[in-house]
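Architecture and fold: a report
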Amino acid sequence: MRNVTVDNVTDVVVEAIGASAPIPARQKEIMTALVRHLHGFCKDVNLTHGEFMQACDFLARAGAVCTDKRQEFILLGDILGVEVLVDMISNPTPNGETTGTVLGPFFRENAPVLPHGASIVQKHFDNEETVFMEGYVKDASGKPIAGAMIDVWEDAPNGLYENHDPDQPDYNLRGRFETDENGYYAFRAIRPVPYPIPSDWTAGEMISFMGHHTMRPGHIHVLVNKDGYRPLISQLYDGASDYLDNDSVFAVKENLIGSFQKGSEEHGTDLYVQFDFTLADQSLAMAAE
Ligand code: BEZ
Ligand code: FE
């Protein structure tokens, strides 16, 4: 096509996909939809060349701040609700399995494996409220899952995760707990508080360009792994927290909201929360790949 116009350019580009070299069907599907949506976007907003150049500069700067500790594009995807959307598409829960949600940038591998009921709190804060959390891990039929490994991590009362706060000990507020033969787990933690997502660099630029705020509601992250089951990446939200209805990364689900109640003398904590996790069969993960 020699005479490319506003009206035919999208079809011209789509026809070029796979025209000079065979490509897998999925690749063709993705590239075709990408071109159609991208062209549609440019037409919808009458994108100017200056704005296109600004976008290119923004993406270049976002790439330049990525390190092995910071993945700026995931953060940008979170701010746009893309990570949570992709998570919902890839992790269906047709049989009442626990809903997943975003992993976020603060996960660290190899947290200490701790015994039942142990505390993940290594450093105490004046304004902390301690919490005893317990529950069961089961499959969709209600059968307990023994030997599941639950990774948990949360922010401190100052709103910082340990790896972003030089004043917290290594792996503070992180731990791994293995379920017993009844699928039971338990640990001690502190009430998670709302905190702002990292908003220096381009993530901050994007969120203020959108006119949105940076806060997340208080939550405890969980990652549950057991052979034969789809890994569950999720978060338990404090039902009394601010920002449940206006999370900056859109990751809250009604069925992930827990009720933090007054703790008992038996547990010796200020608060108590019970939450069960239902894992999906591994075959559901395969279907989504
Ligand atoms: C988090 O929950 O840790 C998180 C999720 C998405 C973006 C930033 C933080
Ligand atoms: Fe978080």
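The text that follows walks through the structure, step by step, so that each part is easy to find. The residue count restarts for each chain, going from 1 along the sequence in the order it is written. Note on labels: chains are lettered from A, ligands numbered from 1, in written order. Reporting in this predicted model follows two pLDDT cut-offs: at least 70 for local features of residues, and 80 or more for side-chain atom pairs to be given and counted; totals over whole chains, interfaces and linings ignore these cut-offs and use all residues. As a convention, hydrogens and water are excluded, and side-chain values are obtained from all of the structure's heavy atoms.

**Digging into the nonpolar core**
In this description, a nonpolar core means a group of buried Ala, Val, Leu, Ile, Met, Phe, Trp, Tyr and Cys residues linked to one another through side-chain atoms lying within 4.5 Å. The rule is simple: take the accessible area with a 1.4 Å probe, protein chains only, and divide by the maximum for that residue type; under 20% is buried, over 50% is exposed, in between is partly exposed. If you look at the biggest cluster of nonpolar residues, it comprises 47 residues, and the most contacted ones within it are Met 133, Val 137, Val 152, Tyr 185, Phe 187 and Phe 277. By definition, any uninterrupted DSSP run of H or I lasting at least four residues is a helix, any uninterrupted run of E lasting at least two residues is a strand, and each is numbered from the N terminus. If one sorts the elements of this core by residue count, strand β4 (residues 184–190) sits on top with four residues. We call two residues in contact whenever any of their non-hydrogen atoms come within 4.5 Å of each other. Once residues lying within four places of it in the same chain are set aside, the contact partners of Met 133 are Tyr 185, Ala 186, Phe 187, Ile 220, Leu 236, Val 273, Phe 275 and Phe 277.

**Thoughts on the coordination of the iron ion (ligand 2)**
Bound to the iron ion (ligand 2) on the protein side are Tyr 161 (OH), Tyr 195 (OH), His 219 (NE2) and His 221 (NE2), at distances that span 2.0 to 2.1 Å. Each of the six donor atoms bound to the iron ion (ligand 2) contributes to angles spanning 53 to 169°, and the resulting shape is irregular. All donors of the iron ion (ligand 2) belong to a single chain; written as a sequence motif, their spacing is Y-x33-Y-x23-H-x1-H. Highlighted residues: Tyr 195 in strand β5 (residues 195–196) and His 221 in strand β7 (residues 219–225), separated in sequence by 26 residues. For the pair Tyr 195 and His 221, a shared accessibility class is recorded, and that class is buried. Coordination partners: N, O, S within 2.8 Å of the metal, 3.2 Å for Na, K and Ca; water not considered, so apparent gaps in a site are possible. Four donors are marked tetrahedral only if all angles between them lie between 85 and 135 degrees, whereas four are marked square planar and six octahedral if opposite donors are more than 155 degrees apart and the other angles lie between 65 and 115; the remainder are marked irregular.

**What about the packing of helix α3 (residues 49–64) against helix α6 (residues 201–210)?**
Angles run from 0 to 180 degrees between N-to-C directions of axes, and those axes are lines fitted to C-alpha atoms, restricted for helices to the stretch in contact. Where α3 meets α6, the axes come as close as 8 Å, and the angle between the chain directions of the two elements is 140°. When the axis of α3 is compared with that of α6, the two are oblique. Together, Phe 58, Arg 61 and Ala 62 of α3 and Thr 202, Glu 205 and Met 206 of α6 make up the contact between the two elements. Gly falls in the polar group here, along with every residue not listed as nonpolar (Ala, Val, Leu, Ile, Met, Phe, Trp, Tyr, Cys, Pro) or charged (Asp, Glu, Lys, Arg). Among the residues forming the contact of α3 with α6, the class breakdown is three nonpolar, one polar and two charged. To sort the angles, those under 35 degrees are grouped as roughly parallel, those over 145 as roughly antiparallel, those from 65 to 115 as roughly perpendicular, and the leftovers as oblique.

**Quick look at the packing of aromatic side chains**
We call Phe, Tyr and Trp rings a pair once their centres come within 6.5 Å, taking the six-membered ring for Trp, and we label the pair stacked below 30 degrees between planes, edge-to-face above 60, and tilted otherwise. Scanning all chains against the criterion turns up ten aromatic pairs. The structure contains a cluster of three or more aromatic residues connected by ring pairs, namely Phe 177, Tyr 185, Phe 187, Phe 275 and Phe 277.

**Points about the site of ligand 1**
The rule for a residue being near a molecule or strand is that one of its heavy atoms must lie within 4 Å of it. Taken together, 14 residues form the shell around ligand 1, and within it Asp 78, Tyr 195, Arg 216, His 219 and His 221 come nearest. Counted as a polar contact is a pair of N or O atoms within 3.5 Å, where, for protein atoms, one must be capable of donating a hydrogen and the other of accepting one, and residues adjacent in sequence contribute only when both atoms are in side chains. The contact in question runs from an oxygen atom of ligand 1 to an N or O atom on the side chain of Arg 216, over 2.6 Å. The side chain of His 219 places a nitrogen or oxygen atom 3.1 Å from an oxygen atom of ligand 1. About the coverage of ligand 1: the protein hides 100% of its 260 Å² of free accessible area. Of the residues in the shell around ligand 1, the class split is eight nonpolar, four polar and two charged. The Shrake-Rupley method, run with a 1.4 Å probe, gives the accessible areas here. Residue values count only the displayed protein chains as cover.

Read these as spatial facts, not as claims about activity.
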